[in-house]
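Take a look at the letters that make up each chain.
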Amino acid sequence: AWNLKTLGLVRNCDGLILMVNLGEDPLGQFNLAKRILEESRIIIEQPKGRVVVERKNIGSGIQVVGRLVDSTQEEVKRLLQDYRLYNAAVKVYGEATLEDLEEAIFEGTLYKPTLILANKVDMEGSAEKLSQLKNLVGDKLRTLPVSCKTGEGLDKLGLCLSEIMGIMRVYTKHPASREYSPEPIIMKTGTTVLDVAREIHTSLYKNFSYAKVWGSSAKYDGEKVGSEHVLEDGDIIEIHIK
């Protein structure tokens, strides 16, 4: 059921799973959910660009990082001043427009990474409906066919969520131990060794010397790397301090 409480949770979450029923009308279910979300200013398809407006202390002035595709930096500053914003940092990502800037000022529209979970893939006729659903969403959204009855496809759920959220798992290992922690640290894709050190403890970050890495980002197991080494999902890291 869609109500204000549900939509409030959606606005505060990191990502969404939209489950549709391949045994009925998955296209209608998807379109209904998308319409309700959009009416609440929540979009599930990644925009070409976005703008972040960070309000600053008095005297900071207006700083613009990046460029909007349809306006100059002077036009950006004029728009902010029209809304009585005289101290702010504007960060532009991708092909963002002046309209995206206005949305950012009011913090109205939110983008939520979304996975479509197409359930009941085990039912007769589901293949055709799944094909229709994929044609509808194209490459804008990830669709995972599953069966809650047989378990088909559910083993891929964790990996799919990690991909759409842009996150990965990093495991840590103490230099005095042969074993690594079974509980991973969840980090953003593209995380460096120093990012992990900072996440674990300030002292590791400030006194960082080097690290050893096991996993797909390493040339060989136990490779000695520096602070800017970029990690990959499932890597094991052993941090050494000065």
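Located above this text is the structure these notes cover.
Residues numbered from 1 in each chain as written. Predicted model: local features only at pLDDT ≥ 70, side-chain atom pairs only at ≥ 80, totals over all residues. Heavy atoms only, no water.

K.L.:
In this structure, what is going on with the nonpolar core? I would like to understand it.
P.N.:
The nonpolar side chains of soluble globular proteins are, as a tendency, buried together. Among the nonpolar cores identified, the biggest contains 19 residues, and F30, L37, I44 and I116 are the most heavily contacted of them. Among the elements of the structure, α1 (4-12), β1 (16-21), α2 (26-39), β7 (114-119) and α5 (126-137) are those that each provide at least two residues to this core. The dominant element in this core, judged by the number of residues it contributes, is α2, at 4 residues. Of all hydrophobic cores here, the second largest spans 17 residues; its members include V170, V225, L231 and I239. (Core = buried A, V, L, I, M, F, W, Y, C linked by side-chain atoms within 4.5 Å. Buried < 20%, exposed > 50% of the residue type's maximum accessible area, 1.4 Å probe, protein only. Helix = DSSP H or I, 4+ residues; strand = E, 2+ residues; numbered from the N terminus.)

K.L.:
I keep staring at the layout of surface pockets and nothing clicks. Help me out?
P.N.:
Where empty space is left becomes clear once a probe the size of a water molecule has been rolled over the atoms. What the largest pocket holds in volume is close to 880 Å³. Along the wall of the largest pocket there are 30 residues; nearest its centre are R50, V52, T109, L110 and Y111. The biggest single contributor to the lining of the largest pocket is strand β3 (residues 49-55), with 5 residues. Each pocket or cavity is described by its volume, and for the second largest pocket that value is around 160 Å³. Of the residues belonging to the lining of the second largest pocket, the class tally is 3 nonpolar, 2 polar and 6 charged. (1 Å grid on protein atoms, 1.4 Å probe; cavity = no way out; pocket = protein on both sides within 12 Å on 5 of 7 lines; lining within 4 Å. Points joined across faces, edges and corners; volume = space filled by probe spheres on them. Nonpolar A, V, L, I, M, F, W, Y, C, P; charged D, E, K, R; others polar.)

K.L.:
Honestly, the packing of helix α3 (residues 73-82) against helix α4 (residues 98-106) in this entry has me stumped. Any pointers?
P.N.:
Packed helix pairs are specified by the crossing angle of their axes together with the interaxial distance, meaning the distance between the axes. One way to put it is that α3 packs onto α4 with a least axis distance of 11 Å and a crossing angle of 35 degrees. Helix-helix and strand crossings are classified by hand; for α3 and α4 the assignment is right-handed. Two secondary-structure elements touch here, α3 through V76, L79 and L80 and α4 through L98, L101, E102 and I105. Among the residues making up the contact of α3 with α4, the classes are represented as 6 nonpolar, no polar and 1 charged. (Axes fitted to C-alpha atoms, helices over the stretch in contact; angles between N-to-C directions. Left-handed = near helix turned anticlockwise from the far one by under 90°. Contact = heavy atoms within 4.5 Å.)

K.L.:
Just checking my understanding: could you explain the packing of α2 against α5 for this structure?
P.N.:
It is at 9 Å that the axes of α2 and α5 come closest, and there the two elements cross at 35 degrees. Seen from α2, the contacting residues are P26, L27, F30 and N31; seen from α5, they are K129, Q132, L133, L136 and V137. Among the residues forming the contact of α2 with α5, the class breakdown is 6 nonpolar, 2 polar and 1 charged.

K.L.:
Help me out: how do you make sense of the sheet that holds strand β9 (residues 167-172) in this one?
P.N.:
Adjacent strands of a sheet form backbone hydrogen bonds with each other and so pair up, either parallel or antiparallel. Strand order in this open sheet of 5 strands is β10-β9-β13-β11-β12, and the pairing throughout is mixed. Edge positions in the sheet fall to β10 (185-188) and β12 (223-225), since each has one partner strand and no second. Across the sheet, the mean angle from the axis of one strand to that of its neighbour is 40 degrees, orientation sign disregarded. By the bridge criterion, 3 bridges tie strand β11 (residues 208-214) to β12 in an arrangement that is antiparallel. Paired with K212 across the bridge in β12 is K224. Its contacts with the sheet put helix α7 (residues 193-200) on β9, β10, β11, β12 and β13 (235-241), and the angle it makes with β10 is roughly 130 degrees. (Pairing = 2+ DSSP bridges.)

K.L.:
Would you take a moment to explain empty space enclosed by the protein for this structure?
P.N.:
The full count for this structure, using the stated rule, is 1 cavity of 30 Å³ or more. The space that makes up the largest cavity amounts to roughly 30 Å³. Lining of the largest cavity is provided by V64, G66, R67, L68, S71, T72, Q73 and V76. Residue composition of the lining of the largest cavity, grouped by class: 3 nonpolar, 4 polar and 1 charged.

K.L.:
Looking at this structure, I do not really get the environment of N3. What am I missing?
P.N.:
Checked against the element boundaries, N3 lands in the segment before α1. On the basis of relative accessibility, which here comes to 37%, the residue N3 falls in the partly exposed class. A sequence separation of 33 residues divides N3 from I36, and the C-alpha atoms of the two residues are 10.0 Å apart.

K.L.:
Just checking my understanding: could you explain the state of the cysteines for this structure?
P.N.:
Chemically, a disulfide is nothing more than a covalent bond linking the sulfur atoms of two cysteines. For the structure on display, the rule yields 0 disulfides. Sulfur of C148: no disulfide; nearest cysteine sulfur belongs to C160 and is 14 Å away. Here C160 falls in the buried class, since its relative accessible area comes to 2%. (Disulfide = S-S within 2.5 Å.)

K.L.:
Before we go on, may I ask you to explain the sheet that holds β1 in this structure?
P.N.:
Judged by pairing direction, the sheet is parallel, and its 3 strands sit side by side in the order β1-β7-β8 without closing on themselves. Looking at the sheet topology across the chains shown, the edges are occupied by β1 and β8 (142-145). Across the sheet, the axes of successive neighbouring strands diverge by a mean angle of 25 degrees, strand direction being ignored. Here 4 bridges tie β7 to β8, and the two strands are oriented parallel to one another. In the sheet register, A118 faces β8, and the bridge partner there is P145.

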